[in-house]
Amino acid sequence: MQVTSRSFVANAKKGLADANLQTALARLSTGFPMARLAAIDRMPEFERLRDDAVAIKDHTLANLDAYLERYEEKVIESGGHVHWAADGQQARDIVLQICRDAGARTVTKGKSMITEEAGINEHLEANGIEPIETDLGEYIIQLRDEPPSHIIAPAIHLSKEQVADTFVAEHTDFAPDRDLTDPRTLLEEARAILRRKFIAADVGITGANMLIAETGTSVIVTNEGNGDLTQTLPKTHIVVASIEKVVPTLEDATTILRVLARSATGQEMAVYNTFSTGPRRPDDLDGPENYHVVILDNGRSDMLGGEFNDMLRCIKCSACINHCPVYKAVGGHAYGWCYSGPMGAVLVPGLLGLAEAHDLPQASSFCGRCEDVCPMRIPLPRMLRAWRTKSYEQGLGSKTSRAGLGVWAYFARRPLLYRPLMRLGVAALAALGAFRGRGRFSWLPLAGGWTTSRDLPVPEGRTFVEQWKRGQR
Amino acid sequence: MKPSNPDFRRSNVLGNIRKSFDNSDKAKSDRFAAVDARIRAQRPNVVPARASGDAKALLALFITQAEQASATTARVDDPNDLPQAVLAYLTANALPPRLKAAPHAVLENIAWSKQPSLDMTFGATLGDDEAALSVAFSGVAETGTLVLHSGPESPTTLNFLPDHHLVVLRTSVLAGTYEAAWSALRNAGNGAMPRTVNWVTGPSRSGDIDQTLLMGAHGPRSLHILILDDKKTI
Amino acid sequence: MAEQPPIDRPTPPHVGLFATCLVDLMRPSVGFATARLLEAAGCRVSVPESQTCCGQPAYNAGDATDARAIALNTLAAFEAFDYVVAPSGSCAAMIRVHYPRLFADDPEILQRIQALGKKTYELTSFLKDIMDTVEINANFNGKATYHDACSGLREMAVKEQPRALLGDVEGLELVEAAESEACCGFGGLFSVKYPDISTKMVSDKTDVLIATGADMVLGGDLGCLMNIAGRLKRRGSTLEVRHVAEVLADMTADVPPIAGKDKA
C-alpha cells in the first residue's frame, strides 16, 4: 500500500469534494453512534465492563513478556508454531516462507489490519503467490487497488453504483449488461466467486483480535464468516498478530468481546466470534493441518511504559473513528494509510514517523468525543497533543504558524507588555471595522484561513480589563 | 546469530519488550508468578445481570435474543420429532429434502427413517450441501448465541459452508452467560481446547455495500435453532 | 469528571474573574455580563489586571514551555481568590484539567496549581452548582438553542446548568438542536490551520442550528460562538448568536449580537 499521509491536506480536500464519500460519511456518522447508544442502553453494566476491560489490558501490558511466553507455550503444546517478527520485513519473510513451504498458489485472507500494516499482500504478489481478500469490503477495494477507508468497514466510502462498476470491470466471466442495481445481486456475485476461492486456497491468513495466554488461542471476530472459511478450509492457517493482542484468560477475552461489538456497530455480539487453538486434532473431521502464529512487534515495544502506552489497549473497534467530526468531514483515505480517525492519528506517526504523518495529530479540534466513546478509555486527545509537542520540539510544521504563536506567547507571558499592545491592536481593528460599518469583516489580511469561508466579528474596541480598571461598566 | 534465525528473532522481540521492565531475577519471577496466578484463577470479571434467572427465564431470553439477531427458532419436545421439524423447515424454505448432518450422538440415535423423503448424510461438508444440521455444545442466553466446537462429532465446515444452518440446542446445555459456557467447555475437554470454538449469533451478514445490511455474506443465509427440550436443568 | 469537594464558603466569596483573551479583546460585554451575574449571586468580583491568556494556544500547539510560563502568570494573578470564574469552559478546563499536567515534574508548584484548579469554574456551572441560590432576572422573547462547547461539556461537565438557568429567563423558549454536542469546528488554531475541515464542521453545525427555527444561538465559549456567527453571516442567515451570559444578565439590549445585527 502506498503511504500518502504526507499529503493529508490535499487528500482531505479531495475527500471534502467527493459527493459519494460525503453521503457515506453522513450516514455512518449517525448510524453507528446511534446503534452504539442503543446497545449501551440495553447493557446496564457497560461502564463497569469498560473499567474491567481497561484493567485487563493494563495488567497484561505491565506483564507483557510473561504473557507472551505463556501464550507461546500453549500454542506449541497444542501443535502450533510460533514465529517472532520485530518488524514488517521479518513478518513478510516468515509468511512468505510458510506459504512457500505449503506450496501455496492462492492464499485467502480474513480482514486483518496488521497484514495491511506489514505489507503482506504486496510481498506475496511479488513472489508469485496470489492473496485474495475475502471480507466483502476488503475484496471490493482489492479489486479497485485502493486502501481501506475504515478499520472495520473498509469500503464504506463507496456507493453501490461504484461497487457495481467495479464488478462489471473485474468479473469478466459474467454478462456485462447484467443488472447489478440491487445490493443483493452484488453480494450474491461476490459470494459465488469467493466461495470457489475459499475452497481452492492452499493457505488462509487471518489476524487476531486477541491472543489468549491461558489456552494459546487466537480470536477472530466477523459478521460474514469469511474469517472462518479462511482459517478452516485450507491446509495451513497463519495468524498474524501484534504483541499487544494478548489477554490472560477466556474470561478476560469474553469481557473485551462484550464491549467490542457494542462499541463498533452497536451489535450485542458480532455474528461469529471464533477461538482457534492449534491445528486440527487427529479425530477432527475438518480443519487445517498446520497452524502458525506470527507475533509482530513493529514499534509497539517502544510504546510500552511511555507516553503512548495506553494506545496499546486499543481493540480496533472503530468507535473513535465513527464519532470523529474530522473523519466525518474528510473520510479515511485522507489519513493516507490503513489506520484513520483518532486512532490512526495516534498510531501512524509512531509507525511511520512524525515527518511522514505530521498533519494527522494536528488536524483535530480536540473535541474529545473519541476518548468519551473509546471502550478502553484511551486518552486520545492527550496523545495527539503529545505528538504536537514532539513536532514543536523538532521544529516541524508551518514556520509562519510557529512564528505567529511565538509572538503571541511572548506577550501573553508578559502582562505589562501585553496590555498596551492589545489595547492598540484592538482599537485599530475596531476602527477598521467601524469604517466598514457592518460589525464584521469578510476579509482581513493574514486571516485568510478564517475569512475565506466565515465573517470575523469586529472587536468592541476597548479591552475588558482596561474598561473594568477604569470603573466603566 | 543471523537476524533470520528464529531464536534470534524471538529473543530480540522479547528483549525489546523487556526494556520497559525491571529484569532483575526477583522482578521477573514476580511477573511470571502474577501471570500464572491470574491464568490459574480463571476469574470472571463483571457478569451482566441480564442472564440470570431460572431455566424458563433463560430460555425465553435466549429465544428473544436469537431472534433479535435474525435467527429463527422452533421448539422440539422429543428427539424423535427432529426429523419432522427439519423437514418442515426445508419445505417451508423451498429447499430439497437433503441434509448434511453432524455425526453427533444426539442425532445418531434418532429414527431418521421415519421421514423417508429426507436424505441424510453424516460428516463434514465440502461445500455442495445447501443445508446442514449441527448439535450445539451450549447456548448462551445473554445474547442468543450458540456455542459449537470442532471434533469428531461436530465438523466446523457445517457451520459455514451451507446456505442454511440448522442447529439442535438442548435445553440442558443452555447457559445464561459466556462464563458458564466456558466452564462447561473446560470440564468437557479436561482442560484441553478444541481446534475451533465458534460463538454463532444469527446468520452471516454484511453491511459493506452501501451500508445496507444483507444476510448470507459468506456463511449461512439462515440460522434455524431447534430447541430440544431434554428436561434437565443446567 | 469527578465532583469537586465542597469548599468552605466564606461570605461573600471573592471571585477572580478570568475574562479569557477572546472576551477581553473581542467582546468585553461578556465580561460585564459575567460580573453582573456573579455580583447578583452575592460574590465580590475582582478582575486582576495581569491576566492575559490561559495558554491554550501554546499548549495545544505543543509549546509546553510557553504554556508553562503563561500558566504561572495565571497562577500569580489568581491564586489569592476564593474562586476563579471564567465565561468559558475551555479556559476553565485549561486551568483545572491541563495546568496540572504541565507541572507534573514540579511538586511544589503542582500543589499550588492543583489548588487553583479546584476553585476554578466555568460561569454557568459556578452559578448553578456552587452559588445555587442565584436569581436570574432577565427577559428574552424568542426561541433560543444552546450549543454545547466541547471542553465545557466533556472536561467541565457543563450541560444541564446553562439550560436550567435559561429556564428562568422570562419569555425564552429553549429548543434543542440535533447534535447539540457535535463540535463546531473551532478548536482554536485548528480553525485556521485546517480551514477546509473546520468550514465543513461549522457548516454542518450551522445547518442543524438553522433547522431548529430558533432566533438565537447561545453558548458558553466565545471562540465557538465567533466561529458559528461568522459562518452564519457568510451564509446570509439572520440567526443571531450571543454568549449565554448576555442573556442571563439581561444585557441583550446593550450590544449587538456577535458579528453584528443586520437590518431587517
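Here the structure is a predicted model, which means the values were calculated and not measured. (Residues numbered from 1 in each chain as written. Chains lettered and ligands numbered in written order. Predicted model: local features only at pLDDT ≥ 70, side-chain atom pairs only at ≥ 80, totals over all residues. Heavy atoms only, no water.)

### Some remarks on the domain arrangement of chain A
No. 1: Per the domain assignment, the segments making up chain A are domain 1 (43-300) and domain 2 (400-469).
No. 2: Taking the mean C-alpha position of each, domain 1 of chain A and domain 2 of chain A sit 54 Å from one another. (Domains from an automatic or database assignment.)

### So, the packing of helix α4 (residues 64-77) of chain A against helix α2 (residues 25-41) of chain B
No. 1: Packing of α4(A) against α2(B) leaves a shortest axis separation of 9 Å and a crossing angle of 55 degrees. Taken as axis vectors, α4(A) and α2(B) run oblique relative to one another. Our pair here, α4(A) against α2(B), has a crossing hand that is right-handed. Where α4(A) abuts α2(B), its residues A:Asp65, A:Ala66, A:Tyr67, A:Glu69 and A:Arg70 lie against B:Arg31, B:Phe32, B:Val35, B:Asp36, B:Arg38 and B:Ile39.
No. 2: The class makeup of the residues in the contact of α4(A) with α2(B) is five nonpolar, no polar and six charged. (Axes fitted to C-alpha atoms, helices over the stretch in contact; angles between N-to-C directions. Helix = DSSP H or I, 4+ residues; strand = E, 2+ residues; numbered from the N terminus. Parallel < 35°, antiparallel > 145°, perpendicular 65-115°, else oblique. Left-handed = near helix turned anticlockwise from the far one by under 90°. Contact = heavy atoms within 4.5 Å. Nonpolar A, V, L, I, M, F, W, Y, C, P; charged D, E, K, R; others polar.)

### Topic: the interface of chain B and chain A
No. 1: Listed as interface residues are 75 residues of chain B and, on the opposing side, 100 residues of chain A.
No. 2: Between chain B and chain A lies a buried interface of about 7600 Å² when both sides are counted; carbon and sulfur atoms form 55% of it.
No. 3: Inspection of the chain B/chain A interface yields 14 salt bridges.
No. 4: Close ionic contact of B:Asp163 with A:Arg191 constitutes a salt bridge, the shortest N to O distance being 2.7 Å. (Buried area = accessible area lost by both parts, 1.4 Å probe. Salt bridge = Lys/Arg side-chain N within 4 Å of Asp/Glu carboxyl O.)

### Comments concerning the side chain of A:Ser159
No. 1: Structurally, A:Ser159 is set in the loop between α8 (136-144) and α9 (160-170).
No. 2: Those residues in contact with A:Ser159 that sit more than four places away from it in its chain are A:Asn20 and B:Asp210.

### What about the confidence of the model for chain B?
No. 1: Per-chain confidence: chain B averages 94 in pLDDT, with 97% of residues scoring 70 or above.
No. 2: Reported for the predicted complex are a pTM of 0.96 and an ipTM of 0.97. (pLDDT = per-residue confidence, 0-100.)

### Overview of the sheet that holds strand β4 (residues 203-206) of chain A
Residues and elements named next belong to chain A.
No. 1: Here we have six strands laid out as an open sheet, ordered β1-β10-β7-β4-β2-β3, and parallel in their pairing. Lying at the two open borders of the sheet, with one neighbouring strand each, are β1 (81-85) and β3 (130-133). On average, adjacent strands in this sheet sit at an angle of 25 degrees to one another, irrespective of strand direction.
No. 2: The pairing of strand β2 (residues 106-109) with β3 spans four bridges and is classified as parallel. (Pairing = 2+ DSSP bridges.)

### Description of the domain arrangement of chain B
No. 1: Here chain B is described as being made up of domain 1 (6-41) and domain 2 (50-233).
No. 2: Here the C-alpha centroids of domain 1 of chain B and domain 2 of chain B sit 41 Å apart.

### Points about the interface of chain C and chain A
No. 1: Listed by partner, the interface residues are 66 residues for chain C and 64 residues for chain A.
No. 2: Summing both sides of the interface, chain C and chain A together bury roughly 5600 Å²; the carbon and sulfur share of this comes to 61%.
No. 3: Taken together, the connections running from chain C to chain A amount to seven salt bridges.
No. 4: Here C:Asp24 ties to A:Arg419 by a salt bridge, and the two come within 2.8 Å at their closest N and O atoms.
No. 5: Inspection of the region where chain C meets chain A yields 32 residue pairs in polar contact (both at pLDDT 80 or more).
No. 6: Element by element, the count of residues in the side of chain C that touches chain A is highest for helix α11 (residues 195-211) of chain C, at nine residues.
No. 7: Class assignment for the residues of the side of chain C that touches chain A results in 33 nonpolar, 16 polar and 17 charged. (Polar contact = N/O pair within 3.5 Å; in protein donor to acceptor, adjacent residues only side chain to side chain.)

### Re the pairing of strand β7 (residues 164-170) of chain B
All names here are of chain B.
No. 1: Of all seven residues in β7, seven are buried; the element is thus mostly enclosed.
No. 2: Across the two faces of β7 the burial is the same, with His164, Leu166, Val168 and Arg170 and His165, Val167 and Leu169 all buried.
No. 3: With five bridges joining them, strand β4 (residues 131-135) and β7 adopt parallel strand pairing. What sits directly across from Ala132, in β7, is His165.
No. 4: Pairing analysis gives seven bridges linking β7 to strand β12 (residues 222-228), with the strands arranged parallel. (Buried < 20%, exposed > 50% of the residue type's maximum accessible area, 1.4 Å probe, protein only.)

### As for the nonpolar core
No. 1: If you look at the biggest cluster of nonpolar residues, it comprises 116 residues, and the most contacted ones within it are A:Met311, A:Tyr339 and C:Ile197.
No. 2: If one sorts the elements of this core by residue count, helix α12 (residues 250-264) of chain A sits on top with seven residues.
No. 3: Those residues in contact with C:Ile197, other than ones at most four positions away along the chain, are A:Phe8, A:Ala12, A:Leu16, A:Val326, A:Ala329, A:Val330 and C:Phe190.
No. 4: Counting residues in each nonpolar core, the second largest holds 45 residues, with A:Ala164, A:Ala190, B:Leu148 and B:Ile225 among its members. (Core = buried A, V, L, I, M, F, W, Y, C linked by side-chain atoms within 4.5 Å.)

### As for the arrangement of the chains
No. 1: The assembly contains two pairs of chains in contact; the pair sharing the most contacts is chains A and B.
No. 2: Across the gap from chain B to chain C, with no contact made, the nearest C-alpha atoms are 20 Å apart.

### Considering the packing of aromatic side chains
No. 1: Tallying each qualifying case throughout the model produces 23 aromatic pairs over all chains.
No. 2: Geometrically, the ring pair formed by A:Phe464 and C:Phe32 is edge-to-face, given 4.9 Å between the ring centres and 70 degrees between the ring planes. Here A:Phe464 is found in helix α24 (residues 464-469), whereas its partner C:Phe32 is found in helix α2 (residues 28-40) on a different chain.
No. 3: We classify A:Phe464 as buried; its relative accessible area is 0%.
No. 4: Exposure remark for C:Phe32: the relative accessible area of 7% places this residue in the buried category.
No. 5: Put simply, the rings of A:Phe8, A:Tyr327, A:Tyr335, C:Phe190 and C:Tyr194 pair up and form one aromatic cluster.
No. 6: The ring of A:Tyr392 has A:Arg402 sitting right over it, with the charged end atom 3.9 Å from the ring centre. (Phe/Tyr/Trp six-rings, centres within 6.5 Å; stacked < 30°, edge-to-face > 60°. Lys NZ or Arg CZ within 6 Å of the ring centre and 35° of its normal.)

### Let's talk about empty space enclosed by the protein
Residues and elements named next belong to chain A.
No. 1: All chains considered together, the criterion is met by five cavities of 30 Å³ or more.
No. 2: The volume enclosed by the largest cavity comes to roughly 160 Å³.
No. 3: Elements supplying a minimum of two residues to the lining of the largest cavity: α14 (319-323), α15 (325-330), α16 (341-352), α19 (369-373) and α20 (380-394).
No. 4: In terms of residue class, the lining of the largest cavity is made up of 14 nonpolar, four polar and one charged.
No. 5: Roughly 100 Å³ of volume is contained in the second largest cavity.
No. 6: Surrounding the second largest cavity, 15 residues form its lining, Cys314, Cys317, Cys320, Cys374 and Ile378 being those nearest its centre.
No. 7: Taken together, the residues of the lining of the second largest cavity sort by class into 13 nonpolar, one polar and one charged. (1 Å grid on protein atoms, 1.4 Å probe; cavity = no way out; pocket = protein on both sides within 12 Å on 5 of 7 lines; lining within 4 Å. Points joined across faces, edges and corners; volume = space filled by probe spheres on them.)

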